[in-house]
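# Residue-level structural notes
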Amino acid sequence: MDADTVVGTELRGLRRRRPEVAGTVLAGTDGLLISSDLPSTDATHLAALAAASFGLGHRMADTARQGEFRESVVRTTAGCVVTYPAGRTALLTLVTVSAADDLEALHEEARAVARRAGSVLDIRGGGIGATAVPDAYAPLAVRTPMATLPAQLRRSSRPTWRRPPI
């Protein structure tokens, strides 16, 4: 059984068991859409927003040193949007139609689905286009995209700005 089939089965099973889940989005931590059962424009935007939410939540958890990031919850008047890490390079986002009466039970079940789907995606490897989250305490050159540019593009030998004459 291939990774797409396993992940699809997991997401369909979660929707079947939890009727309050109106939609699911599986995205890379880089914001690229992997799989979804929402309309494509909504899914693409939600994938990008989930990555931003995850980045912020991951950084807050690291800064506060209160353990690993578990989920990000946005409560609205019509329901919730919850994002969970799924493996090293993916995120599972759920859209619920109403505020779940038992949000903790939903968290437990969704975390299990995210864990299983994430392990399948991790085994599949880099084919999803996502990159692993860098260590927040790594040297700046490791966690900064600029470090990946060739040296000649990072600094030019001539200054690009000059002070205007007074």
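Reading guide: rules and limits
- Residues numbered from 1 in each chain as written.
- Predicted model: local features only at pLDDT ≥ 70, side-chain atom pairs only at ≥ 80, totals over all residues.
- Heavy atoms only, no water.
- Helix = DSSP H or I, 4+ residues; strand = E, 2+ residues; numbered from the N terminus.
- Buried < 20%, exposed > 50% of the residue type's maximum accessible area, 1.4 Å probe, protein only.
- Contact = heavy atoms within 4.5 Å.
- Phe/Tyr/Trp six-rings, centres within 6.5 Å; stacked < 30°, edge-to-face > 60°.
- Salt bridge = Lys/Arg side-chain N within 4 Å of Asp/Glu carboxyl O.
- Pairing = 2+ DSSP bridges.
- Core = buried A, V, L, I, M, F, W, Y, C linked by side-chain atoms within 4.5 Å.

### Details of unusual backbone geometry
Although it is not a glycine, Arg65 adopts a positive phi angle of roughly 50 degrees. Among the secondary structure elements, Arg65 is positioned in the loop between helix 2 (40–64) and strand 3 (72–75). We classify Arg65 as exposed; its relative accessible area is 61%.

### Comments concerning the environment of Ala90
Topologically, Ala90 is positioned in strand 5 (residues 90–96). Looking at Ala90, the relative accessible area reads 1%, which means it is buried. Sequence-wise, Ala90 and Thr29 are 61 residues apart; in three dimensions their C-alpha atoms are separated by 5.2 Å. Sequence-distant contacts of Ala90, that is, excluding residues within four places in its chain, are made with Ala27, Gly28, Thr29, Ile34, Tyr84, Pro85 and Leu121.

### Structural notes on the packing of aromatic side chains
One pair of aromatic rings is described through two measures. These are the centre distance and the angle between the planes. Per the counting criterion, the structure on display carries one aromatic pair. Seen in terms of ring centroids, Phe54 and Phe69 are 5.2 Å apart; in terms of plane orientation they differ by 80 degrees. Their pairing is edge-to-face. Pair noted here: Phe54 is in helix 2 and Phe69 is in the loop between helix 2 and strand 3, with a separation of 15 residues, a long-range link. As far as burial versus exposure is concerned, Phe54 and Phe69 are alike and both buried.

### Details of the pattern of salt bridges
Going through the model one piece at a time under the given rule, you end up with 10 salt bridges. Of the charged contacts in the structure, one is a salt bridge between Arg18 and Glu20, with a shortest N-O distance of 2.6 Å. Summarising the burial analysis for this pair, Arg18 and Glu20 share the class buried. Put simply, Arg111 and Glu104 hold a salt bridge, and the shortest N to O gap is 3.8 Å. Classification of Glu104 by relative accessible area gives partly exposed; the value is 43%.

### Focus: the pairing of strand 5
The element strand 5 is largely enclosed, with a buried count of six among its seven residues. When strand 1 (residues 21–28) meets strand 5, the two strands line up antiparallel, connected through seven bridges. For Gly28, the partnering residue across the bridge sits in strand 5 and is Ala90. In this structure, strand 4 (residues 80–86) lies alongside strand 5, joined through seven bridges in antiparallel fashion. Paired with Val81 across the two strands is Val95, which belongs to strand 5. Where strand 4 folds back on strand 5, the antiparallel hairpin that results is connected by three residues, among which Gly87 adopts a positive phi of roughly 80 degrees.

### Some points on the nonpolar core
Counting residues in hydrophobic clusters, the biggest one holds 20 residues, and the most contacted among them are Val7, Leu11, Leu26, Tyr84, Leu92, Leu94 and Leu106. Elements supplying a minimum of two residues to this core: helix 1 (3–17), strand 1, strand 4, strand 5 and helix 3 (103–124). Counting residues per element, this core draws most heavily on helix 3, at eight residues. Listed in part, the six residues of the second largest apolar core include Ala50, Ala51, Phe54 and Leu91.

As far as function goes, none of this settles anything; it's purely spatial.
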